[in-house]
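Residue strings, one per chain:
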Amino acid sequence: MGLIELFFIAVGLSMDAFAVSVCKGLAMKQFTWKKGCAAGLWFGGFQGLMPAVGYLLGVQFKEVIVSIDHWIAFILLGIIGGNMVKEALTEKDACDIHANASLDIKTMFPLAVATSIDALAVGVTFAFLQAPIIPAVSFIGTVTFTISVAGVKIGNIFGTKYQSKAELAGGVILILMGAKILLEHLGTGVF
């Protein structure tokens, strides 16, 4: 897995965190870098942690299912991406459930876990693909941190205008990455 592929996966995974960050920014009276970085640390930290956990779980089962690992990667990324596309196309007022400016542990922990569950499945995929996990999770965490800070700022300035478009783009990216992995392993020569 190359850096460009990893970047697209990181961006795709970070779109849920971006959407929630936009909502946080929308609820804030004034953006500060401290608040933006706090949200970024929550989301980036969990987005980096969950693939590592998924990787450790995946390594345990890798030998058993190595012959179908590309199908598993395709299915997991397809399901995650499909759900993101569905949410982007059906949610109207997604910020209503996240519409408080609080960044305390009681508020942020469940949001950070919820936005990074899909990264757990991607971590399992990384185990099957034998991706170098430490650089991958570091990169995913850093990209999510950056996108989340930007999301808080954008939400504070523009509101929810770009929220559903970001989630739609993230879903499409993950579906395409799953298809690419499958096609590479089937040897079609498309990629």
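Engineer: Just to check I follow, could you spell out the overall build of the protein for this structure?
Structural biologist: Helices and strands together make up the secondary structure of the protein, namely six helices and zero strands. Order of helices (α) and strands (β) in the protein, N terminus to C terminus: α-α-α-α-α-α. Going through the 191 residues of the protein one by one, you find that 48% of them count as buried. Nonlocal contacts in the protein, meaning residues at least 24 apart in sequence, comprise 94% of its contacts between residues at least 6 apart. Here the protein displays about 9,400 Å² of accessible surface, and carbon together with sulfur accounts for 70% of that area.

Engineer: It is not clear to me how the confidence of the model for the protein should be interpreted in this structure. Could you clarify?
Structural biologist: As a general rule, the predicted coordinates of low-pLDDT regions are not to be interpreted in detail. On average, residues of the protein score 81 in pLDDT, and 86% of them are at 70 or above. Of all helices and strands in the protein, the one with the weakest mean pLDDT is helix 6 (residues 163–186) (73), whereas helix 5 (residues 133–158) scores best (92).

Engineer: When you look at the side chain of S116 in this model, what are you seeing that I'm missing?
Structural biologist: Here S116 is to be found in helix 4 (residues 105–129). The buried category is assigned to S116, whose relative accessible area is 0%. Not counting residues within four places of it along the chain, the set of residues in contact with S116 comprises F46, Q47 and M50.

Engineer: Can you help me understand the packing of aromatic side chains in this one?
Structural biologist: Here the distance between the centres and the angle between the planes together describe a pair of aromatic rings. What the rule picks out here adds up to five aromatic pairs. Aromatic pair W42 and F46: ring centres 6.1 Å apart, planes at 15 degrees, arrangement stacked. A residue pair is termed a helical-turn pair when its members lie 3 or 4 positions apart in one helix, as W42 and F46 do in helix 2 (residues 33–65) at four residues. Here W42 falls in the partly exposed class, since its relative accessible area comes to 21%. Under the relative-accessibility criterion, F46 is labelled buried at 15%. Measuring from ring centre to ring centre gives 5.5 Å for F46 and F109, while their planes differ by 80 degrees; the resulting arrangement is edge-to-face. With F46 in helix 2 and F109 in helix 4, this residue pair connects regions lying 63 residues apart in the sequence. Residue F109 is classed as partly exposed on the basis of its relative accessible area of 43%. Taken together, the aromatic side chains of F7, F8 and F139 make up a single cluster linked through ring pairs.

Engineer: I tried to follow helix 1 (residues 3–27) on my own but got confused; where do I start?
Structural biologist: Structurally, the α-helix is built with 3.6 residues per turn, so residues lying three or four positions apart point the same way. Here helix 1 is 25 residues long and its end C-alpha atoms lie 35 Å apart, about the 36 Å a rise of 1.5 Å per residue gives. Maximal helix bending in helix 1 amounts to about 40 degrees, located at M15.

Engineer: Any chance you could explain the nonpolar core here in plain terms?
Structural biologist: Proteins that are soluble and globular tend to have nonpolar side chains buried together. Among the nonpolar cores identified, the biggest contains 30 residues, and L13, V122 and F126 are the most heavily contacted of them. Among the secondary structure elements, those contributing two or more residues to this core are helix 1, helix 2, helix 3 (69–90), helix 4, helix 5 and helix 6. Examining the composition of this core, we find that eight residues originate from one element, helix 1, more than from any other. The residues touching V122, leaving out its near neighbours within four places in the chain, are I9, L13, L77 and I80.

Here is what the cut-offs are and how they apply
- Residues numbered from 1 in each chain as written.
- Predicted model: local features only at pLDDT ≥ 70, side-chain atom pairs only at ≥ 80, totals over all residues.
- Heavy atoms only, no water.
- Helix = DSSP H or I, 4+ residues; strand = E, 2+ residues; numbered from the N terminus.
- Buried < 20%, exposed > 50% of the residue type's maximum accessible area, 1.4 Å probe, protein only.
- Contact = heavy atoms within 4.5 Å.
- Areas by Shrake-Rupley, 256 points an atom, 1.4 Å probe, with all protein chains shown as cover.
- pLDDT = per-residue confidence, 0-100.
- Phe/Tyr/Trp six-rings, centres within 6.5 Å; stacked < 30°, edge-to-face > 60°.
- Expected span 1.5 Å × (residues − 1).
- Bend = angle between axes of the 7 residues up to and from the residue.
- Core = buried A, V, L, I, M, F, W, Y, C linked by side-chain atoms within 4.5 Å.

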